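Listed below, chain by chain, are the residues.
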Amino acid sequence: MYGERDIVLESTWSEKGKALLHVPAVCAVYFLMHAFGETALMLPYSLYRAGIPGLLLYLCLELLNVWAAVYFYSRYILKTSVLKIGLGKPFFVPYWCSAAVILTVLINGFYLLFIKGELTGGNLGLRKQLYLIFSSIFVQGLRLAVMDGMLFRSLVPAVFLKRFSTRGAAFISSVLYAVMLCAAEAGSLWSADRLFLQFLALFLRGMALVLVSFEAGSIWPSVMLDAVWRAFGGDAQILHIDTEQTFPAVFTYTLAHDNWITAGLSGTFSLNTALPALAGYGAVILAAVWRMKARQGAWRSQRTRQTPGRIRRKFLPDDLTGDVLEHLLGGTAAGMYLMLLIYFGGRNLMQQYFFSYNTNEAALADELGEYARKHHVAADNARALLSWAEDKGVEELMTAREGWLIFNAAYPGKILPERREMPAGLWRPWYYAEFADGGADVYVSTGFDEKYYQLLFAFSAIAGFTACLGVVTSGMHRQLLEKEQMEQQLRMAQEKLVLGMSHDLRTPMTGLLAYMEVIKKQEPQGSSVREYVDKAYDKILQMKDLSDQMFEYFLIDSQKSAVLEPPEEISSALGDYLSELCALLDCSGFRVNMQMPEWKPVYIQVNTDYLGRIINNIFSNLEKYADKEQEVMIQMIYEPRRTGILIQNGMAQAGTDTEGTGIGVKNICLMMEQMGGEAQAGMTPEGYRMILYFPICGQNCV
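About the thresholds
- Residues numbered from 1 in each chain as written.
- Predicted model: local features only at pLDDT ≥ 70, side-chain atom pairs only at ≥ 80, totals over all residues.
- Heavy atoms only, no water.
- Helix = DSSP H or I, 4+ residues; strand = E, 2+ residues; numbered from the N terminus.
- Contact = heavy atoms within 4.5 Å.
- Core = buried A, V, L, I, M, F, W, Y, C linked by side-chain atoms within 4.5 Å.
- Buried < 20%, exposed > 50% of the residue type's maximum accessible area, 1.4 Å probe, protein only.
- Axes fitted to C-alpha atoms, helices over the stretch in contact; angles between N-to-C directions.
- Parallel < 35°, antiparallel > 145°, perpendicular 65-115°, else oblique.
- Left-handed = near helix turned anticlockwise from the far one by under 90°.
- Pairing = 2+ DSSP bridges.
- Expected span 1.5 Å × (residues − 1).
- Arc of directions from axis to C-beta.
- Polar contact = N/O pair within 3.5 Å; in protein donor to acceptor, adjacent residues only side chain to side chain.
- Patch = residues over 30% accessible without salt bridge, like charges linked within 9 Å, V, L, I, M, F, W, Y side chains within 5 Å.
- Areas by Shrake-Rupley, 256 points an atom, 1.4 Å probe, with all protein chains shown as cover.
- Salt bridge = Lys/Arg side-chain N within 4 Å of Asp/Glu carboxyl O.
- pLDDT = per-residue confidence, 0-100.

**Examining the environment of I137**
Here's step 1: Inspection of the secondary structure puts I137 in helix α5 (residues 126–160).
Here's step 2: When residues no more than four places from it in sequence are discounted, the contact partners of I137 are L142, A231, F232 and I238.

**Remarks on the nonpolar core**
Here's step 1: Formed by 92 residues in total, the largest nonpolar core has its most connected members in F152 and L211.
Here's step 2: Among the nonpolar cores identified, the runner-up in size contains 35 residues, and V606, L611, I647 and L692 belong to it.

**Some points on the packing of α5 against helix α7 (residues 192–216)**
Here's step 1: Between α5 and α7, the shortest axis-to-axis distance is 10 Å and the interhelical angle comes to 70°. As the angle between them shows, α5 and α7 are arranged roughly perpendicular. Our pair here, α5 against α7, has a crossing hand that is right-handed. Here F152, R153 and P157 of α5 lie close against α7, whose contacting residues are G206, L209, V210, S213 and F214.

**Details of the sheet that holds strand β7 (residues 438–445)**
Here's step 1: Spatial ordering of the open sheet is given by β5-β4-β7-β6, a layout of 4 strands whose pairing is antiparallel. Only two strands of the sheet have a single partner each, and these edge strands are β5 (404–408) and β6 (431–435). Neighbour to neighbour, the strand axes of the sheet diverge by 35° on average, direction disregarded.
Here's step 2: Relative to β6, helix α13 (residues 360–375) is tilted by about 10°, and along the sheet it contacts β4 (396–401), β6 and β7.
Here's step 3: Packing against the sheet, helix α14 (residues 382–392) makes contact with β4, β5 and β6, and its axis sits at approximately 140° to β4.

**Concerning the pairing of strand β2 (residues 239–242)**
Here's step 1: Judged by which residues are buried, β2 turns out to be covered on both faces: L239 and I241 on one side and H240 and D242 on the other are all buried.
Here's step 2: The pairing of β2 with strand β3 (residues 251–255) spans 4 bridges and is classified as parallel. Note that in β3 the partner of I241 across the bridge is Y253.

**Section: α13**
Here's step 1: Over its 16 residues, α13 runs 22 Å from end to end, which matches the ideal 22 Å to within 8%, given 1.5 Å per residue.
Here's step 2: Residues of α13 that are buried: E361, L364, A365, L368, G369 and A372. Along α13, the residues classed as buried sweep out an arc of 145° about the axis, all on the same side. Facing away from the buried surface of α13 by more than 90 degrees, the exposed residues are D366 and K374.
Here's step 3: On its buried side, α13 packs onto α14, β4, β6 and β7.

**Some details on the side chain of T252**
Here's step 1: Relative to the elements of secondary structure, T252 occurs in strand β3.
Here's step 2: For T252, a relative accessible area of 9% corresponds to the buried category.
Here's step 3: Among the polar contacts listed, one links the side chain of T252 to the side chain of T120, at a separation of 2.8 Å.
Here's step 4: Among all residues touching T252, those that are not within four sequence positions of it are E118, L119, T120, H240 and Q245.

**A short note on a nonpolar patch on the surface**
Here's step 1: Residues F110, L112, L113, F114, L119 and F251 make up a contiguous nonpolar surface patch of roughly 640 Å² in combined accessible area.
Here's step 2: Top element by residues in the nonpolar patch is helix α4 (residues 94–114). It accounts for 4 residues.
Here's step 3: Structurally, L112 is set in helix α4.
Here's step 4: Residue L112 is classed as partly exposed on the basis of its relative accessible area, which comes to 37%.

**Examining unusual backbone geometry**
Here's step 1: In this model, K89 is joined to P90 through a cis peptide bond whose omega is 0°.
Here's step 2: You can see P90 is positioned in the loop between α3 (52–76) and α4.
Here's step 3: Despite not being glycine, K79 has its phi angle at roughly 60°, a positive value.
Here's step 4: Despite not being glycine, E402 shows a phi value in the positive range, around 60°.
Here's step 5: Tracing the backbone shows E402 in the loop between β4 and β5.

**Re the pattern of salt bridges**
Here's step 1: All chains considered together, the criterion is met by 13 salt bridges.
Here's step 2: The partner of R143 in a salt bridge is E62, with the nearest N and O atoms 3.3 Å apart. Here R143 is found in helix α5, whereas its partner E62 is found in helix α3, with 81 residues between them in sequence. In this pair, the class of R143 matches that of E62, namely buried.
Here's step 3: Here K392 makes a salt bridge to E367, at a shortest N to O gap of 3.1 Å. Pair noted here: K392 is in helix α14 and E367 is in helix α13, with a separation of 25 residues, a long-range link.
Here's step 4: Judged by its relative accessible area of 34%, E367 is partly exposed.
Here's step 5: Via salt bridges that share partners, D148, R153, R205, D226 and R230 belong to a single interconnected network.

**Considerations on the packing of α4 against helix α10 (residues 275–294)**
The relative placement of two packed helices comes down to the angle between their axes together with the axis-to-axis distance.
Here's step 1: α10 packs onto α4 with a crossing angle of 155° between their chain directions and a minimal axis gap of 10 Å. With respect to their mutual orientation, α4 and α10 come out roughly antiparallel. By crossing handedness, the relation of α4 to α10 is classed as right-handed. Between α4, through Y95, W96, L103, I107, F110 and Y111, and α10, the contact on the second element is made entirely by P276, A277, G280, V284, A287, A288 and R291.

**A short note on the confidence of the model for the protein**
Reading fine detail from the predicted coordinates is not recommended where pLDDT is low.
Here's step 1: Across the protein, the average pLDDT comes to 80, with 81% of residues at 70 or higher.
Here's step 2: Predicted confidence in the protein is weakest over helix α11 (residues 310–315), with a mean pLDDT of 55, and strongest over helix α8 (residues 220–232), with 93.
Here's step 3: Counted against residues more than four places away or in other chains, residues 1–11, with its pLDDT under 50, gives 40 contacts.
Here's step 4: The low-confidence segment residues 297–308 (pLDDT under 50) makes 35 contacts with residues lying over four places distant or belonging to another chain.

Structural data, given as structure tokens:
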């Protein structure tokens, strides 16, 4: 993909419209992919508490998730490989690596030197500082940069580059990037001014990164630029620059004045919307455009050597069975991934929706608090809590205090203090309630959402099965098409080879015949030498005839169809050719039994060139293989939709001089097929018959 000229490809608006259909699919992949990591893996809470090893596992699983999404989408929907959508080399470009460091240093230095504020350390321990540095560089920096880069700098341009110019693809990618990230932060953008500023900042950032990808020929330099800025650019936990410090950081620089020009949007922790960051994005855009202009407007050509199926050939046989297994395994993997992505990602989105808009469970939590105060129920009073849950139709009820579970209606016994942690990985809406022994967190569920989860599971299973079936069938269909194309190419090469050889053989055979005729004239009749010369001459004639027939067969077969003359009566179309055939047979010593044909007023279409060749082939076959002691019968045949000619003769005694190859008959059948007719040849011990059928124009011709 990265290495073509910046031109507007000729395509219709319908083709561009088809490309736009990928936009909702990419949006769905983006949201489901992020939600999938939170629900299916259940890592954001549990692994953060596990320290750096947990974060490393979380990072690997998230990157594997986005790689699987992009791989399956590019292979089975876009029908291309990941190497062709900018995921290959180069991995690092010194120019853009330097630009990432310089940009970050200049922007941070601008705040530290020219904007009034207070620089302090986080007063954190060494272990906490290492944890924050690792989280900023790899989780908040590299993880998000790779995920956004593979989606908005690789997958989206791959969709639009075939139908739009590079500028158009970069613009669409940047707009989609800004819209998606604004939608993810919609809760903090409560005014039109904030929304516009955030959209502008994200659009410039997306444009800068996608142009870096185009210029470098790969997304990885832009990923490096984005990751460095995310980790060290003032919004992360290594150095946090803002007017408010609401989360721990290794170093904090608290600005004295809250102004969007220098501090960005307050309340969003987004220094990217401030003027220094916007200027930095503009500088990156200008640098990328200048480097592209320096190469005469072409993208940097980074050709990657593809070895399709290299890994596959190590495990699967290189035959049809291996291809079927490959499609089956690929379809199964794609179907399972799509099923899990839709189910767990959709479950997370539904849980967020229920958490935000369902007030029934919040009302039940308030009722539980009133019930506890009225009847003096403690937070771990299992009998009273179970009785209340049964009366209210509650399916799940849990209480917790200070992060530790103290009661669970699904657990039959008493939970020992500080033995079970409070579940928090599945968007459980916990509410606060007062009990006789103090306040506690309450989770209450009526189970109304289970039916939606069941419907979601059914939909995801159907989608996964459909995807699996589609991958297998499309793969087999594509393989059949490739096989047909290969067979067609081999056939064309064979025809070209035979035509060339037949044509090349004609010249030496013609010369050889001339030499043999000279020798025949010099040798007297009856001599032993003349006998061998005559036999050699006959063999050369047979070879020449065979070469001519092969040339004619492959020449006719390569044409695929014949141009027919306008419709005319059968007497006009066939009369002259039958008269010529009878005259030739009579001159060769055959007796022809052809009663006066009954010419009916029917119309047929023929190709005069093909018809002449057919009559010549029939005469040649009769002359070689027919018995001159028996008469040749020619008869007309009329049927409702076709008419024909029957030619029947007795066979000569089998011998070396009467054995044929059958190419002449194949030529006749092929020419009749291309004229829309049919030739039927049959051989019996008594004789040989050939029927030529022509369709009647009144029913078969246009």
